[in-house]
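Analysis of the macromolecular model
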Amino acid sequence: MVLLILLLLITVVVIGFLLLPMELYVDTAKNQYYFTFRGLAKMWLESDPTEILKIGLKVFFYTHYFYPLRKKKKTKQLKKRNKKRKRWPIGQIWALLRTFKLKRFWLDVDTGDCILNAKLYPLFSFASFYGLPCHINYNDTNRMVLQVQNRPIDLLKSFINYKTQHHGFTF
């Protein structure tokens, strides 16, 4: 009976994790860069006066910071194996990218060259007409806001569907 309850609890947790939305948010004007599993975990980038960059990780009530640019202590070097890296097909990458939902996008650009700004204006106007708000400004500010959302179950379904369609697997 205890084993059945434990198995049921693990199944509910795994299904809940697969249905949990994950979100990537980038705002260059406010210097906000984070990736989150809503209600579960959040990872963000922030500047640090001594280490230049630090990565924050918060899982439930536990917060930890990583310093990716800090020098690591030297360890013994392991022999490198000459493995050939297997590349992902472009079709599979495209199928995975199509599962992402664009929640918010806004682009405001100034190249610093008024002639180039004028040349880019028709392209940005065309993009804005079709739903991507892109703007050219002439006051030396650049800003991008990007918010993308997805769920792990959508990524998993896309990966499995691509494999079954292109490799002939049957279930």
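This text goes with the structure placed above it.
Figured I'd write up the structure that's included with this text. Every value quoted in this text rests on a predicted model; they were computed, and no experiment measured them.

**A few points about the overall build of the protein chain**
When helices and strands are tallied, the protein chain shows four helices and eight strands. Along its sequence from the N terminus, the protein chain presents helices and strands in the succession α-β-β-β-β-β-α-β-α-β-β-α. Residues counted as buried form 22% of the 171 residues belonging to the protein chain. Taking contacts inside the protein chain between residues at least 6 apart in sequence as the whole, the part at least 24 apart equals 51%. Of the accessible surface of the protein chain, which amounts to about 14300 Å², a share of 65% is contributed by carbon and sulfur atoms.

**With respect to helix H1 (residues 2-19)**
Think of an α-helix as turning once every 3.6 residues; residues three or four places apart then point the same way. In this model, H1 (18 residues) spans 26 Å end to end at C-alpha, consistent with the 26 Å of a helix rising 1.5 Å per residue. In terms of burial, H1 is a largely surface element, zero of the 18 residues being buried.

**Examining the nonpolar core**
One finds Val-26, Phe-105, Leu-107, Val-109, Phe-124, Cys-134, Ile-136, Leu-146 and Val-148 forming the largest nonpolar core, which totals nine residues. Of all elements in the fold, only strand S6 (101-109), strand S7 (134-136) and strand S8 (143-150) reach the threshold of two or more residues within this core. It is S6 that contributes the most residues to this core, three residues altogether. Non-local contacts of Val-109, meaning those with residues more than four positions away in its chain, are made with Phe-124, His-135, Ile-136, Asn-137, Thr-141 and Asn-142.

Cut-off values and rules
Residues numbered from 1 in each chain as written. Predicted model: local features only at pLDDT ≥ 70, side-chain atom pairs only at ≥ 80, totals over all residues. Heavy atoms only, no water. Helix = DSSP H or I, 4+ residues; strand = E, 2+ residues; numbered from the N terminus. Buried < 20%, exposed > 50% of the residue type's maximum accessible area, 1.4 Å probe, protein only. Contact = heavy atoms within 4.5 Å. Areas by Shrake-Rupley, 256 points an atom, 1.4 Å probe, with all protein chains shown as cover. Expected span 1.5 Å × (residues − 1). Core = buried A, V, L, I, M, F, W, Y, C linked by side-chain atoms within 4.5 Å.

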